[in-house]
Structure formats: C-alpha cells, structure tokens
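Read off the chains here:
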Amino acid sequence: MFSAFSSIDHDAIRTRTPTEAAVKRLDGIGHVLSELDLAGVRTQDDLTRMLLTLDTADKCIRAICAEFRVEAVSDRLARKAENLMVLIERARDDLTGCRMSKS
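The text that follows walks through the structure, step by step, so that each part is easy to find. Just so it is clear, the structure is predicted and the values come from calculations on it, not from any experiment. (Residues numbered from 1 in each chain as written. Predicted model: local features only at pLDDT ≥ 70, side-chain atom pairs only at ≥ 80, totals over all residues. Heavy atoms only, no water.)

**Section: the nonpolar core**
Ranked by size, the top nonpolar core spans 21 residues in total, and within it Leu26, Ile29, Leu33, Leu54, Ile61 and Leu95 carry the most contacts. If you list the elements that add at least two residues to this core, you get helix H1 (18–34), helix H2 (44–66) and helix H3 (75–102). Beyond its immediate stretch of four places on either side in the chain, Leu95 contacts Leu38, Val41, Leu47, Met50, Leu51 and Leu54. (Core = buried A, V, L, I, M, F, W, Y, C linked by side-chain atoms within 4.5 Å. Buried < 20%, exposed > 50% of the residue type's maximum accessible area, 1.4 Å probe, protein only. Helix = DSSP H or I, 4+ residues; strand = E, 2+ residues; numbered from the N terminus. Contact = heavy atoms within 4.5 Å.)

**Structural notes on the pattern of salt bridges**
By the definition in use, this model includes six salt bridges. Between Arg49 and Asp46 there is a salt bridge; the shortest N-O distance is 2.8 Å. Taken together, the residues Arg49 and Asp46, both in helix H2 and three residues apart, mark about one turn of the helix. In this structure, the salt-bridge partner of Glu89 is Arg92, at a minimum N-O distance of 2.7 Å. Placement of both Glu89 and Arg92 in helix H3 is noted, with a separation of three residues, approximately one turn of the helix. Each of Asp55, Glu89 and Arg92 takes part in salt bridges that share partners, so that together they form one network. (Salt bridge = Lys/Arg side-chain N within 4 Å of Asp/Glu carboxyl O.)

**Some details on H2**
Between its first and last C-alpha atoms H2 spans 32 Å; for 23 residues at 1.5 Å apiece the expected length is 33 Å, and the two agree. Listed in full, the buried residues belonging to H2 are Leu47, Met50, Leu51, Leu54, Ala57, Asp58, Ile61 and Ile64. (Expected span 1.5 Å × (residues − 1).)

**Considerations on the environment of Glu89**
A relative accessible area of 36% means that Glu89 is categorised as partly exposed. As for Glu89 and Asp58, which are separated by 31 residues in sequence, their C-alpha atoms are 8.9 Å apart.

**Focus: the packing of H1 against H2**
Close contact between H1 and H2 brings their axes to 10 Å; oriented N to C, the two are set at 170°. Taken together, the axes of H1 and H2 lie roughly antiparallel to each other. Contacts between H1 and H2 pair Ala22, Arg25, Leu26, Ile29 and Leu33 from the former with Leu54, Ala57, Cys60, Ile61 and Ile64 from the latter. Counted by class, the contact of H1 with H2 contains nine nonpolar, no polar and one charged residues. (Axes fitted to C-alpha atoms, helices over the stretch in contact; angles between N-to-C directions. Parallel < 35°, antiparallel > 145°, perpendicular 65-115°, else oblique. Nonpolar A, V, L, I, M, F, W, Y, C, P; charged D, E, K, R; others polar.)

**Overview of the environment of Thr17**
Secondary-structure assignment places Thr17 in the segment before H1. A distance of 3.1 Å separates the side chain of Thr17 from the backbone nitrogen of Glu20, its partner in a polar contact. (Polar contact = N/O pair within 3.5 Å; in protein donor to acceptor, adjacent residues only side chain to side chain.)

Written out as structure tokens, the structure is:
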C-alpha cells in the first residue's frame, strides 16, 4: 500500500527550503510505513501496535503541515501529505474491517 515510498533515494534529496525539508520528512514517514506488514497482523496486540503506528504517523504528518499554518503550503507538500493520510486511513479501515469480520 505504501510501496511508492520504499524506493526513495534519501542521499539524492537535498533540502534548500523549509518546504523541501518537510517533503523529505513526509518521504521518511512514507518509507517507514512501506515497511509495515499489514497482512502479518494476527493478534489483538499486533492490531493495537499497527493502529498506534498508523495514528503516530498521521499525527506526525499533521505536525509537519502545521508548521506551514502561516505560510502557503506548496502543492507538492499538500498532495504528499494528503496521499499519505488517505493511505493511512485506508490501512486503518482494512485492519479494523478485517479484524471485525474475523470476530
């Protein structure tokens, strides 16, 4: 689901502006999320850990975007943040939907 972020070349990304730094942080969050094994959730503890990870990622994304409250957010930053939040919500829905149907 988050696989688009797994091939980021972090060394090639140089930040020159606060927006570029924010985009780089969002890329890092996406990279971490791409390593999650949603299919590997088997127990309630697994589900709890996964949901906490997704919630933490969502809060980090919102905090990064909040840094730009007083200035215009670039389209690139806004799109990347929105895409990540949509993927997080979809993953959360998949996890809770699958878990509820197994009960």
